[in-house]
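The chain contents come next:
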Amino acid sequence: MARLVEDDPCTKVAAYARQVRAPLLFVHGRSDALVPIDHARRLHDIALRAGQRSTFIEVDGGHFLHHTHPGLVMRHLTRWLHHVDGP
């Protein structure tokens, strides 16, 4: 974990964010201490500026929302998939 943090993964991911060609969904916890919400919002903004379809949903919670709030994440994901794939 220490090597990962020293390696600055958020900056590396941001460098590739413009290249993603699939619609993006960010479901991010307001109190995420491992990956601050500002980092996730930055990736979302990069994607939008690159002309990509990106949705950002901010929720109460921390890191690993899919483990701590699986029902909430599933509801947002299901709603998003219907919207992205729908008419």
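Residues numbered from 1 in each chain as written. Predicted model: local features only at pLDDT ≥ 70, side-chain atom pairs only at ≥ 80, totals over all residues. Heavy atoms only, no water.

Enquirer: How should I be thinking about the packing of helix α2 (residues 9-16) against helix α3 (residues 37-49) in this particular structure?
Expert: Between two packed helices, both the angle of their axes relative to each other and the distance between the axes serve to describe the pair. Between α2 and α3, whose axes approach to 9 Å, the crossing angle comes to 10°. It follows that α2 is roughly parallel to α3 by the angle criterion. Where α2 approaches α3, its residues Cys10, Thr11, Val13 and Ala14 are matched on the opposing element by His39, Arg42, Leu43 and Ile46. Across the contact of α2 with α3, the residue classes break down as five nonpolar, two polar and one charged. (Axes fitted to C-alpha atoms, helices over the stretch in contact; angles between N-to-C directions. Helix = DSSP H or I, 4+ residues; strand = E, 2+ residues; numbered from the N terminus. Parallel < 35°, antiparallel > 145°, perpendicular 65-115°, else oblique. Contact = heavy atoms within 4.5 Å. Nonpolar A, V, L, I, M, F, W, Y, C, P; charged D, E, K, R; others polar.)

Enquirer: Where do I start with the pairing of strand β2 (residues 54-59) in this structure?
Expert: The side chains of a regular strand alternate between both faces of the sheet. Strand direction decides the pairing type here: strand β1 (residues 24-29) and β2, joined by six bridges, are parallel. Within β2, the residue paired with Val27 across the bridge is Ile57. Assessed by its sense of winding, the connection that carries the chain from β1 through α3 to β2 is right-handed. (Pairing = 2+ DSSP bridges. Right-handed = clockwise from strand over helix to strand, strands pointing away.)

Enquirer: Honestly, the nonpolar core in this entry has me stumped. Any pointers?
Expert: Across soluble globular proteins, you tend to see nonpolar side chains buried next to one another. Within the largest apolar cluster, 10 residues are counted, these being Ala14, Ala17, Leu24, Phe26, Ile37, Ala40, Leu43, Ile46, Ala47 and Phe56. For this core, the secondary structure elements donating two or more residues are β1 and α3. With five residues, α3 is the single largest residue contributor to this core. Leave out the neighbours within four places in its chain, and Ala14 touches Arg42, Leu43 and Ile46. (Core = buried A, V, L, I, M, F, W, Y, C linked by side-chain atoms within 4.5 Å. Buried < 20%, exposed > 50% of the residue type's maximum accessible area, 1.4 Å probe, protein only.)

Enquirer: What exactly am I supposed to notice about unusual backbone geometry here?
Expert: Trans is the common state for peptide bonds, and a negative phi is the common state for residues other than glycine. Of note in this structure, Phe64 is not a glycine but carries a positive phi near 60°. Along the polypeptide, Phe64 turns up in the loop between β2 and α4 (65-68). Accessibility expressed as a relative area gives 47% for Phe64, which makes it partly exposed.

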